[in-house]
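Chain by chain, the residues:
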Amino acid sequence: MPALGMDSPSLREEPLDRCRKCGDVFDIPISECDSGLCSRCWTTEHPEIELKYIGIPRRFVESSFENFAGNHMLVDFARGLVQGAPKSVLITGPTGCGKTHLAAAMVRRLVQAGRIHQHNARFVSSVDFLIEAKATFNSSSGESEEGVLMRYERPALLILDDLGAEKQSDWAATLLYALLDRRYRDMKITFITSNMTLEQIEQQLGSRTASRLSEYEIVKIKMPDHRKISVMQEAKIG
């Protein structure tokens, strides 16, 4: 199907409807686009919709480098990780220090740059991943454990949140290793957040998983729980 607006000049005298930002011919009917932006430019200026489809939780769809409450050197380092060729990243630190915020900010930047979109990126917590896999034990679910694995091994970018929050078991450790190993072998990019250090991950999930993650860029956040600090500050003000 020809792009909208590419009619023969003899059949159309008015100028083509083009994006006010990039100048490309609109890829959606002009009647459905009152912003003056094509879908690509709309996504770069309003990444929240794309982030929701990727699975970023509502609490973090507005997360950016600009509103991260923390060390500017940490933000600059994280920004640098997504400016060039993206690398797999393990973000570690205590609860509430901003790990998921930072990961979401990195995804936002990639969306704004047009480098990822809802069709090639996915967000899931380690707990929800295992819940989905365990649900396949019910024969009426219509899905297999392998199907769940494939859903998360295929995307070009996977954000695996809160690794280590899951209940410890040999089954969980094996399934998480299978996911991370497949992505490692296929050279897929993975962003992981965890309360655990690499040494603790080895103790809980095994040396093979820790070995895979040791090749990631490791970002250690040592800031305290900013949510608790906010509550304390409010209490003092009150």
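Heads up: the structure comes first, above all this text.
Residues numbered from 1 in each chain as written. Predicted model: local features only at pLDDT ≥ 70, side-chain atom pairs only at ≥ 80, totals over all residues. Heavy atoms only, no water.

*Asks:* Please set out the sheet that holds strand β4 (residues 189-194) residue by residue, giving values where relevant.
*Replies:* Spatially, β2-β3-β4-β1-β5 is the arrangement adopted by the 5 strands of the open sheet, whose pairing is parallel. Whereas interior strands pair on both sides, the edge strands pair on one side only; in this sheet they are β2 (121-125) and β5 (217-220). Within this sheet the neighbouring strands show an average axis-to-axis angle of 15°, counted without direction. Relative to strand β3 (residues 157-163), β2 runs parallel, the two sharing 5 bridges. Opposite Ser-125, over in β3, you have Asp-161 as the bridge partner. (Pairing = 2+ DSSP bridges. Helix = DSSP H or I, 4+ residues; strand = E, 2+ residues; numbered from the N terminus. Axes fitted to C-alpha atoms, helices over the stretch in contact; angles between N-to-C directions.)

*Asks:* Please set out the nonpolar core residue by residue, giving values where relevant.
*Replies:* Formed by 31 residues in total, the largest nonpolar core has its most connected members in Ile-54, Leu-102, Met-106, Val-107 and Phe-191. The set of elements that each furnish at least two residues to this core consists of α2 (48-54), α3 (72-81), β1 (89-92), α4 (99-112), β2 and β3. Ranked by residue count, the leading element in this core is α4, at 8 residues. With sequence-adjacent residues up to four places away left out, Ile-54 is seen in contact with Val-107, Val-111, Ile-116, His-117, Gln-118, Ala-121, Arg-122, Phe-123 and Ile-159. Within the second largest apolar cluster, 24 residues are counted, among which are Leu-163, Ala-172, Ile-192 and Leu-205. (Core = buried A, V, L, I, M, F, W, Y, C linked by side-chain atoms within 4.5 Å. Buried < 20%, exposed > 50% of the residue type's maximum accessible area, 1.4 Å probe, protein only. Contact = heavy atoms within 4.5 Å.)

*Asks:* Tell me about the pattern of salt bridges, and please be specific about residues and values.
*Replies:* Scanning all chains against the criterion turns up 10 salt bridges. A salt bridge links Glu-48 to Arg-108, with the shortest nitrogen-to-oxygen separation between them at 3.0 Å. Of this pair, Glu-48 sits in helix α2 while Arg-108 sits in helix α4, and the two are 60 residues apart along the sequence. Residue classification places Arg-108 among the buried residues on the basis of a relative accessible area of 7%. (Salt bridge = Lys/Arg side-chain N within 4 Å of Asp/Glu carboxyl O.)

*Asks:* Describe the environment of Lys-99, with residues and values.
*Replies:* The residue Lys-99 is located in helix α4 in this model. Spatially, the C-alpha atoms of Lys-99 and Val-219 are 9.2 Å apart, while their sequence positions differ by 120 residues. Beyond its immediate chain neighbours, meaning those up to four positions away, Lys-99 contacts Ile-91, Thr-92, Gly-93, Pro-94, Thr-193, Ser-194, Asn-195 and Ile-221.

*Asks:* Before we move on, can you summarise the packing of helix α6 (residues 145-153) against helix α7 (residues 170-185) with the specific residues and values?
*Replies:* Where α6 meets α7, the axes come as close as 9 Å, and the angle between the chain directions of the two elements is 40°. Here α6 is positioned oblique relative to α7, judged by the angle of their axes. Like other packed secondary-structure pairs, α6 and α7 cross with a definite hand, here right-handed. Residue-level contacts link Glu-145, Glu-146, Leu-149, Tyr-152 and Glu-153 of α6 to Trp-171, Leu-175, Ala-178, Leu-179, Arg-182 and Arg-183 of α7. Residue classes in the contact of α6 with α7 are distributed as 6 nonpolar, no polar and 5 charged. (Parallel < 35°, antiparallel > 145°, perpendicular 65-115°, else oblique. Left-handed = near helix turned anticlockwise from the far one by under 90°. Nonpolar A, V, L, I, M, F, W, Y, C, P; charged D, E, K, R; others polar.)

*Asks:* Just give me the short version of α3, but keep the residues and values in it.
*Replies:* Listed in full, the buried residues belonging to α3 are Leu-74, Val-75, Ala-78, Arg-79 and Leu-81. End-on, the buried residues of α3 take up no more than an arc of 155°, which puts them together on one face. Looking at α3, the residues exposed on the side facing more than 90 degrees away from the buried face are His-72 and Met-73. Tucked inside the fold, the buried residues of α3 contact β1, α4 and β5. One side-chain oxygen at the N-terminal end of α3 lies 2.6 Å from the backbone nitrogen of Met-73; it belongs to Asn-71. (Arc of directions from axis to C-beta. Polar contact = N/O pair within 3.5 Å; in protein donor to acceptor, adjacent residues only side chain to side chain.)

*Asks:* If you had to explain the pairing of β1 to someone new, which residues and values would you point to?
*Replies:* Alternating residues of β1 divide into Val-89 and Ile-91 and Leu-90 and Thr-92, and every residue in both groups is buried. Pairing of β1 with β4, which is carried by 4 bridges, proceeds in the parallel orientation. Within β4, the residue paired with Thr-92 across the bridge is Ser-194. Pairing analysis gives 4 bridges linking β1 to β5, with the strands arranged parallel. By the bridge assignment for β5, Leu-90 is matched with Ile-218.

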